[in-house]
Amino acid sequence: MQQATQTSQSNEPNFVAFRVADQEYCVDIMSVREIRGWTPVTTLPQAPDSVLGVINLRGSVVPILDFSVRLGLKSQNPTVDNVIIIVQVDSQTIGLLVDEVSEILSIEDDAIKPTPEVTYEGSEAFITGVITFDSRMIRLVDLSFIVLACPQPAPR
Amino acid sequence: MSNRDSIRDTFFQECEELLESLQEGLTAIDDDTADSETINSVFRAVHSIKGGAGAFGFDDLVSFAHEFETILDEIRNGRLDQPSSFADVLWKSADLLGDLVAAAAGGVAIETHRTSDLISKLVSLMPETSPNSNWEQEAEFQPLAFAFDDPLFSDTASEETTYKILFQPQDSMFENGNETAVLLRKLATLGEATIICDISQLPTFQILEPEKCYLSWMIELCSSASIEEIQDVFEFVEQDCDLKISSTQDALNDTSNAPEDPPPESNPPLQLINDNITQQHDVDGDELEQIPPTRAPAPARDASRANRSSDSKTAGAPATVRVDVERIDKLINLIGELVVNQAMLSQCHLDSELSADSDFVTGLDELKTLTRDVQDSVMAIRAQPVKSLFQRMARIVREASAATGKDVHLEISGELTEVDKTVLERLADPLTHMVRNAVDHGLETPEQRQISGKPTKGIIHLAAAHRSGRVVIDVSDDGAGINRARVLETAIRKNLISQNDNLSPEETDALLFLPGFSTVTEISNLSGRGVGMDVVRSAIRALGGRISINSEPGLGSTFSISLPLTLAVLDGMVVEVAQQKLVIPIAAIIETLLPNTNNFHSIGHQDVIFIRDTVIPVVDLGNILGFRPPLENLTKCVLILLESDLGVQFAVLVDAIHDQRQLVIKALEENYGEVAGAAAATILGDGRIALILDPNDRLFIGHRNAVTTDSRQIANG
């Protein structure tokens, strides 16, 4: 496990960085509800590949997405070492299966660079920008696109 | 602003309740079972709506409510006899009042002619002698002659009493939207009244606050009415005014001789009057034993009234609390968690091999009972009687009978049966449709009824009852029953079935539920837009209910809806398929069986099984849900025979049956979306989520439909 270090670029932490298939991503800290260990999921019939299943999060049924499958990478066999980041997008709560949470970051807005044009087809839609520092590159994820992997909640 | 909005919301909530009691009262009037209290409550309902509406400036509502109230007042005072004879106008007025309330709440605007038509009808009902007095004429009000002509009053007319009434409104009176003029006018109808206004407290114009009441009134009323009747006039404002009523037997001669004369001190200081009256009142109390028995109950009533007003805060009327539904839902969710937690504890105990008689186990058992009790009580909070829903149906029947020209009587039974609020709300549309259908299609025209020897008045019966943990609602008519020949003909014409299909009467009836089916050739205003019973069925199904038809030619039809008591809990059987636990709703299960090899047959790729001479398709649950490849050996499994709400039967193969229990339903839609084959999810004792199988899902029904023709051929050949 890597030590979570607070960078000194800004005063307020605003991003949660995590690692999937040796790549670094981050999401807005305000959308992260909690971070928890892997628990076995209940498989859903005829669900998209990226949807692993659902878990019981204190009484709510929360779907778990395999982040690496969502990126178009190979699916991983989840183990106890994996981490689930519970995020809230609009009214939906979903869990993202990632390898590990690496860091809490404080990033100034002007440090976020636009996504290069050459990104892998399919993934550029939900990468809204990249952050580079210390020879690292962290991709900023737009969660509302990630959620599209789930069928839209039925209109009630 | 938001505060005002919330008050507005409260007003509309109250309106809903008031309209309900209005309907209730009108039903009693209609049946001629109304007593004076019923009519009072009807009047109060309209009056309160009017008052509230005035406060919010809903002018249309106020003006109509006023006319309506005037008529009700006439009935209340006995000036209009036999209200049941014009009950239809009252019903229409109640309906319009409801519509106006809805319009005020932001609904569809009401055509003005509807209001004006009804107002003119109401006005035409007014007895000609009725007072049409203006406030200005109040002081010289002439008593009405009929009060003495009325046989009811003729006995007591001789015992006319002079009452001295001191009426001093408090500021809160205007705040609550009451009007003194109305009260005084009403008082004047009881007899000969001399009303003197005390303006001594009136400040100069510069410091006058328009919302305060500076006036008080001294009324001398010469009337045959009892003290209670006078008190009733002030019923609504009891809390908002100082009221002193004293009957002065001695003063009778003086005042009756010269009722028009002002009292000796025309504008005495207020305190003085007050003292006087109080004294008189006290003296009165001592004299009461000798006063004729007709008036004896007066002080008793007075006392009980005083008691009641103080008691009402503690034990009087049933105390209610208005609670946001969201809060109850949150509580229900939490209780659901508690149930799950309790189940987890029980599971831990089973795994721990603790002896069965330890204190721990006893405590656990108690916890289990308590949890169940708490759950039941919380569910009961959400439960509401179907009464309000049924009352709404009364209106539908009236409208439908008016539109079709059929004479219909609505019978209601079991209206106190309680159902979850959400179920009730979502039941309104399908039930409306069913009731309309019953009037439009179910009942014959009066002429036809006469020919077949039935009374011309058709009967629609709405019944609700609890039956084995479910609510059953029946809509019955005593019409001609379902014309099965015509149903078949239509179904064939619309290519819903083929000419050769040999359907049983029940299967024929079930055709009514097919989408796009409508037997009425001409589209009537009421129903028959082709969105009939299939919409009803899907709405009922969405509530976890079933609908069925029972029809006897010539005797009528009954449509039965069976619904779960609540949407939050379900009785289910926990089964295992490919290491995944699933829940099958008990309601859908017909039987479970262990198959032997001889039972299985194949039609193409479809496995079927013979159960009591019926061919039932077999669904390999693990495969169809995508959990594993098709099974080679079916006999190692357990078969569960299921029936969809449509009556389609199929058998599912599962690996094992675990147990049967009550489960808390969790929506999948909240964070995910619809899941193939599953209606919802639940949390098992180990904290894991299990899907609840939906026997109506296309996954299974579609499966079945694909082999329908095949199985028929086998069954026929």
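Rules used throughout
Residues numbered from 1 in each chain as written. Chains lettered and ligands numbered in written order. Predicted model: local features only at pLDDT ≥ 70, side-chain atom pairs only at ≥ 80, totals over all residues. Heavy atoms only, no water. Helix = DSSP H or I, 4+ residues; strand = E, 2+ residues; numbered from the N terminus. Contact = heavy atoms within 4.5 Å. Areas by Shrake-Rupley, 256 points an atom, 1.4 Å probe, with all protein chains shown as cover. Polar contact = N/O pair within 3.5 Å; in protein donor to acceptor, adjacent residues only side chain to side chain. Pairing = 2+ DSSP bridges. Axes fitted to C-alpha atoms, helices over the stretch in contact; angles between N-to-C directions. Expected span 1.5 Å × (residues − 1). Buried < 20%, exposed > 50% of the residue type's maximum accessible area, 1.4 Å probe, protein only. Buried area = accessible area lost by both parts, 1.4 Å probe. Salt bridge = Lys/Arg side-chain N within 4 Å of Asp/Glu carboxyl O. Nonpolar A, V, L, I, M, F, W, Y, C, P; charged D, E, K, R; others polar. Patch = residues over 30% accessible without salt bridge, like charges linked within 9 Å, V, L, I, M, F, W, Y side chains within 5 Å. Lys, Arg positive; Asp, Glu negative; His and termini not counted. Charge placed at Lys NZ, Arg CZ, Asp CG, Glu CD. Core = buried A, V, L, I, M, F, W, Y, C linked by side-chain atoms within 4.5 Å. pLDDT = per-residue confidence, 0-100.

1. Quick notes on the overall build of chain B
Per the secondary structure count, chain B includes 24 helices and 22 strands. Taking as baseline every contact in chain B between residues at least 6 positions apart, the subset at least 24 positions apart corresponds to 69%. Accessible surface, chain B: about 36700 Å² in total, of which carbon and sulfur atoms supply 51%.

2. Section: the side chain of Thr 417 of chain B
All names here are of chain B. By secondary structure assignment, the location of Thr 417 is in the loop between β6 (408–413) and β7 (418–420). A polar side-chain atom of Thr 417 sits 3.2 Å from the main-chain carbonyl oxygen of Ala 464. Once residues within four sequence positions are removed from consideration, Thr 417 is found in contact with Gln 384, Pro 385, Val 386, Ala 464, Ala 465, His 466 and Val 471.

3. Digging into the sheet that holds strand β6 (residues 83–89) of chain A
All names here are of chain A. An order of β3-β6-β7-β5-β4 is seen for the five strands of this open sheet, with the pairing classed as mixed. Two strands bound the open sheet, and with one partner strand each, they are β3 (32–37) and β4 (51–57). Direction aside, neighbouring strands of the sheet carry axes that sit 30° apart on average. As paired strands, β6 and strand β7 (residues 92–98) are joined by seven bridges and run antiparallel to one another. Paired with Val 87 across the bridge in β7 is Ile 94.

4. Overview of the environment of Phe 167 of chain B
Residues and elements named next belong to chain B. Tracing the sequence through the fold places Phe 167 in strand β1 (residues 161–169). For the pair Phe 167 and Leu 243, spaced 76 residues apart in sequence, the C-alpha separation works out to 4.8 Å. What Phe 167 contacts, discounting residues up to four positions off in sequence, is Met 173, Thr 180, Leu 183, Leu 184, Ser 216, Trp 217, Ile 219, Phe 234, Cys 241, Asp 242 and Leu 243.

5. Regarding helix α4 (residues 87–104) of chain B
Residues and elements named next belong to chain B. Along its 18 residues, α4 runs 25 Å from first to last C-alpha, staying within 8% of the 26 Å computed at 1.5 Å per residue. Counting buried positions along α4 gives 14 out of 18 residues, so the element sits mostly inside the fold. Immediately beyond the C-terminal end of α4, within one or two residues, lies Gly 106, with a positive phi of roughly 110°.

6. Notes on the interface of chain A and chain B
The interface is formed by 29 residues belonging to chain A together with 25 residues belonging to chain B. Between chain A and chain B lies a buried interface of about 2100 Å² when both sides are counted; carbon and sulfur atoms form 55% of it. For chain A, the biggest contributors to the area lost against chain B are Thr 42, Pro 45 and Val 61 of chain A; these three give 28% of the whole. Inspection of the region where chain A meets chain B yields zero salt bridges. Counting across the chain A and chain B interface gives four residue pairs in polar contact (both at pLDDT 80 or more). Mapped by element, the contributors of at least two residues to the side of chain A that touches chain B are β4, β5 (60–66) and β7 of chain A. Partitioning the side of chain A that touches chain B into residue classes produces 17 nonpolar, 10 polar and two charged.

7. Some details on a negative patch on the surface
Judged by side-chain charge, Asp 30, Asp 31, Asp 32 and Asp 88 of chain B come together as a negatively charged surface patch. The partly exposed category is assigned to Asp 88 of chain B, whose relative accessible area is 46%.

8. Looking at the pattern of salt bridges
Residue and element names in this part refer to chain B. Tallying each qualifying case throughout the model produces 20 salt bridges over all chains. With a closest N to O distance of 3.7 Å, Asp 95 and Arg 395 form a salt bridge. Of this pair, Asp 95 sits in helix α4 while Arg 395 sits in helix α16 (residues 387–404), and the two are 300 residues apart along the sequence. Per residue, the accessibility class of Asp 95 equals that of Arg 395, and both read buried.

9. Topic: the nonpolar core
Among the nonpolar cores identified, the biggest contains 57 residues, and Phe 67 of chain A together with Leu 621 of chain B are the most heavily contacted of them. When residues of this core are assigned to their parent elements, the largest contribution, four residues, is made by β6 of chain A. Within the second largest apolar cluster, 45 residues are counted, among which are Val 397, Leu 424, Val 536 and Ile 547 of chain B.

10. Focus on a nonpolar patch on the surface
Residue and element names in this part refer to chain B. On the surface, a nonpolar cluster with roughly 400 Å² of combined accessible area is contributed by Ile 199, Leu 202, Phe 205 and Leu 208. When you line up the elements, Ile 199 lands in the loop between β2 (191–198) and β3 (216–223). Note on Ile 199: relative accessible area 44%, which makes it partly exposed.

11. Comments concerning the confidence of the model for chain B
All names here are of chain B. Taken as a whole, chain B shows an average pLDDT of 74; of its residues, 79% reach a score of 70 or greater. Long-range and interchain partners of residues 250–316, a stretch whose pLDDT sits below 50, account for 58 contacts in this model, where long-range means more than four residues apart. In the predicted structure, residues 521–530 sits below a pLDDT of 50 and forms 14 contacts with residues beyond four places in sequence or in another chain.

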